[in-house]
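Geometric and topological summary
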Amino acid sequence: SRLPAYAPSPFSTSEEKTPLKAVTTYNNFYEFGTDKSDPAENAGKMSVQPWTVRVEGLAGKPRTFGIEELLQLAPLEERIYRLRCVEGWSMVIPWVGLPLAALLKQVEPLGSAKYVEFVTHYDPAIMLRRPVLSWPYVEGLRLDEAQHPLTLLALGLYGDVLPNQNGAPVRLVVPWKYGFKSAKSIVAIRLVEKQPRTSWNRAAADEYGFYSNVNPEVAHPRWSQATERRIGELRKRPTLMFNGYGEQVAGLYQGMDLKANY
Amino acid sequence: MASIEREKPLKPSLRTPPAAAITAIKLLVFLLCLLPALQLLLGWQADTLGANPVETITHASGTWTLRLLLITLAVTPLRRLTGLHWLLRLRRMLGLFAFAWGLAHFATYLWLDQFFDWAAIAADILKRPFITVGFAALVLMLPLALTSNRLAVRRLGGRRWQALHRSTYAIAILGVVHFWWLVKADVLEPAIYALVLAALLGMRAWWRELERRRQLAAAVPQARGNGRVVRIVPK
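Residues numbered from 1 in each chain as written. Chains lettered and ligands numbered in written order. Predicted model: local features only at pLDDT ≥ 70, side-chain atom pairs only at ≥ 80, totals over all residues. Heavy atoms only, no water.

Chain B is annotated in an unreviewed UniProt entry as Protein-methionine-sulfoxide reductase heme-binding subunit MsrQ from Azoarcus indigens. On record in UniProt, under Subunit (unreviewed entry), the comment for chain B is "Heterodimer of a catalytic subunit (MsrP) and a heme-binding subunit (MsrQ)." Quoted verbatim from the Sequence similarities (unreviewed entry) field of the UniProt record, the comment on chain B reads "Belongs to the MsrQ family." (UniProt positions renumbered as here; feature names shortened; annotations may be inferred.)

An unreviewed UniProt entry annotates chain A as Protein-methionine-sulfoxide reductase catalytic subunit MsrP originating from Azoarcus indigens. Here chain A is described in UniProt, under the heading Subunit (unreviewed entry), as follows: "Heterodimer of a catalytic subunit (MsrP) and a heme-binding subunit (MsrQ)." According to UniProt, the comment filed for chain A under the heading Sequence similarities (unreviewed entry) is "Belongs to the MsrP family."

So, in structure tokens, the structure goes:
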């Protein structure tokens, strides 16, 4: 299945794109193994058709969307975003998708909804059973973060549907946060009142905060976040505040202590 | 090295291969220890080390340091379990290769990872416990590498030499801790190294305990008279 037509986006960077091969062979998708090469080897076992996403919780019109519906929900855009992994490497990836805000609008969030929880696919028959993280993998955003125009619900990569190892058939892309915030292979999106307990936060709360905004000044307890290696390059480059998206997103965190809310 | 072993003198036996065979085995082990380096070099040239070749080299050199440390520590138990005393003749080379891989690991970090950014390197060593621990292990390996020759054994004397080289136990522990602390969530691999190390050190502790008991038992007949046991081997 191919993607419908899509348009370029003014939010795209003009930086050199990371080659497709690197984007599809160097992945963190722990359900398929914890080595970078594991997802490319094992994710083929996942069947992504049919696929539905339940959008539920504190919503006026909760409902379930099929992938075909998501593809038609709003005009698709190509967004070429920087991706910064918490491990200290980065890529430039051309995603295709729609703003998450467009989906959330469909279900009419209630006033009591403060956060959005993302639950991802977990099938122990084909995925890791060892409790490396608490499965299913859960991520979360504050509602205003989820509704931000940069927050993308990605359905494609490099002009084609998402490869399984990149989170097919539908994943989140939040470019100003460390990569693990962008949950893959999403099955449910819940509007909730309380801050969701995310998988990495449960695994090591002192290392992976709820916000996990890219921030060169706040070191991971075990390594510095001041620099990063762009995949394909040898020398490291300085990491940018909010991964270079500060102009658009810094307002979301006005008055917040980003050292305490890491 | 053979001169410092206190247990049994190395007697040529049916199980000891002829000198030429031992030389051949040594050469083979030498080449095997170098093989991963050749693979990395060729992989670098051919760009087959994956999307992040620096990471691949860092991990491979670290893994081989740890593996060679454990293999070095396996020589004594293997020798004891199999009676193949000639294995001891491989130990110095294995230990030196562990050090060489440790140096390669550190050099990769200094050069390809940090590009000699000394401020960042100093901050890493001081502030990041897993790097502190790894660095400490490397520093502790240095005196062992420097005293790995016969002259040093003679100068230090067998006992002192052996006492110094027992720091290999600490180095291996630091190496496993370094690996454990670096992993994000999946500790399976470091746990395997930890188990192997625990077995290798556990065997030594157990044999030491047996030896203590043996000496104690030998001392019991005299001690029975006044009910006191004189400890010969410290616990």
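A word on the overall build of chain A. Within chain A one finds seven helices and 13 strands. Since a compact globule built from 262 residues should have a radius of gyration of about 18 Å, the 17 Å found for chain A is in line with a globular shape. With the C-alpha coordinates aligned to their principal axes, the bounding extent of chain A is approximately 45 × 40 × 40 Å. The buried share of chain A, reckoned over its 262 residues, is 57%. At a minimum sequence separation of 6, the contacts of chain A that also span at least 24 residues come to 71%. Charge centroids of chain A, computed over 31 positive and 27 negative side chains, lie 2 Å from each other. (Helix = DSSP H or I, 4+ residues; strand = E, 2+ residues; numbered from the N terminus. Rg over C-alpha atoms; globule rule 2.2 N^0.38 Å. Buried < 20%, exposed > 50% of the residue type's maximum accessible area, 1.4 Å probe, protein only. Contact = heavy atoms within 4.5 Å. Lys, Arg positive; Asp, Glu negative; His and termini not counted. Charge placed at Lys NZ, Arg CZ, Asp CG, Glu CD.)

Take a nonpolar patch on the surface next. A surface patch of nonpolar side chains, about 490 Å² in accessible area, is lined by B:L28, B:L32, B:L35, B:L38 and B:L42. Here B:L32 is to be found in helix α1 (residues 19-46). (Patch = residues over 30% accessible without salt bridge, like charges linked within 9 Å, V, L, I, M, F, W, Y side chains within 5 Å. Areas by Shrake-Rupley, 256 points an atom, 1.4 Å probe, with all protein chains shown as cover. Salt bridge = Lys/Arg side-chain N within 4 Å of Asp/Glu carboxyl O.)

What follows is about the UniProt feature "domain: Ferric oxidoreductase" (unreviewed entry) in chain B. Under the feature "domain: Ferric oxidoreductase" (unreviewed entry), the UniProt entry names residues 62-176 of chain B. This span, residues 62-176 of chain B, is 84% helix and 0% strand, and a straight line between its end C-alpha atoms measures 10 Å.

Right, let's get into the UniProt feature "binding site: Mo-molybdopterin" (unreviewed entry) in chain A. Residue and element names in this part refer to chain A. This chain's UniProt record puts "binding site: Mo-molybdopterin" (unreviewed entry) on N27, Y30, E31, C85, T120, N166, R171, S182, A183 and K184. Note on placement: N166 falls in the loop between β9 (160-161) and β10 (171-173). When sequence neighbours within four positions are dropped, the list of residues in contact with N166 reads V23, T24, N27, L157, R171 and K184. Engagement of the side chain of N166 in a polar contact is seen with the backbone oxygen of V23, the distance being 3.0 Å. On the secondary structure map, S182 appears in the loop between β10 and β11 (186-192). Given the relative accessible area of 4%, S182 is considered buried. Once residues within four sequence positions are removed from consideration, S182 is found in contact with R171, L172, V173 and V174. (Polar contact = N/O pair within 3.5 Å; in protein donor to acceptor, adjacent residues only side chain to side chain.)

Right, let's get into the packing of aromatic side chains. Residue and element names in this part refer to chain A. Tallied over the entire structure, the rule returns 17 aromatic pairs over all chains. The interplanar angle of 85 degrees and the centroid separation of 5.5 Å between the aromatic rings of F180 and Y208 together place this pair among those described as edge-to-face. Residue F180 is found in the loop between β10 and β11, and its partner Y208 is found in the loop between α6 (199-203) and β12 (227-230); the two are separated by 28 residues along the sequence. Each member of the pair F180 and Y208 is classed as buried. Measuring from ring centre to ring centre gives 6.0 Å for Y211 and Y253, while their planes differ by 90 degrees; the resulting arrangement is edge-to-face. Pair noted here: Y211 is in the loop between α6 and β12 and Y253 is in the segment after α7 (246-249), with a separation of 42 residues, a long-range link. Like Y253, Y211 is buried. Following the ring pairs from residue to residue traces out a cluster consisting of Y115, F210, Y211, F242 and Y253. Lying over the aromatic face of Y26, K36 brings its terminal NZ or CZ to 5.5 Å of the ring centre. (Phe/Tyr/Trp six-rings, centres within 6.5 Å; stacked < 30°, edge-to-face > 60°. Lys NZ or Arg CZ within 6 Å of the ring centre and 35° of its normal.)

Applying the stated criterion to the full structure yields 25 salt bridges over all chains. In this structure, B:D113 engages A:R229 in a salt bridge whose closest nitrogen and oxygen atoms are separated by 3.5 Å. Of this pair, B:D113 sits in helix α3 (residues 91-113) while A:R229 sits in strand β12, each in a different chain. Because the salt bridges share partners, they merge into one network encompassing A:E15, A:R82, A:R84, A:E228, A:R230, A:E233 and A:R237.

Looking now at the UniProt feature "transmembrane region" (unreviewed entry) in chain B. Residue and element names in this part refer to chain B. As annotated in UniProt, the feature "transmembrane region" (unreviewed entry) corresponds to residues 21-44, 64-81, 93-111, 131-151, 163-181 and 187-207 in the numbering used here. The span residues 64-81 is 100% helical and 0% strand by assignment, and the distance between its end C-alpha atoms comes to 25 Å. The distance from the first to the last C-alpha atom of residues 93-111 is 26 Å, and the span holds 100% helix and 0% strand.

With that settled, consider the interface of chain A and chain B. Quite often, the size of an interface is put as the accessible area lost when its parts meet. Opposite the 26 residues of chain A that make contact, chain B presents 19 residues. The largest share of the area that chain A buries against chain B comes from A:R222, A:R229 and A:L234, three residues that together contribute 32% of it. Across the contact surface, chain A and chain B share four salt bridges. (Buried area = accessible area lost by both parts, 1.4 Å probe.)

A few words now on the sheet that holds strand β6 (residues 115-120) of chain A. Residues and elements named next belong to chain A. Spatially, β3-β2-β11-β6-β7 is the arrangement adopted by the five strands of the open sheet, whose pairing is mixed. Edge positions in the sheet fall to β3 (63-66) and β7 (138-142), since each has one partner strand and no second. Sheet twist, expressed as the mean angle between neighbouring strand axes with direction ignored, is 20 degrees. Summarising the sheet, β6 and β11 pair through six bridges and their orientation is antiparallel. Paired with T120 across the two strands is I186, which belongs to β11. (Pairing = 2+ DSSP bridges. Axes fitted to C-alpha atoms, helices over the stretch in contact; angles between N-to-C directions.)

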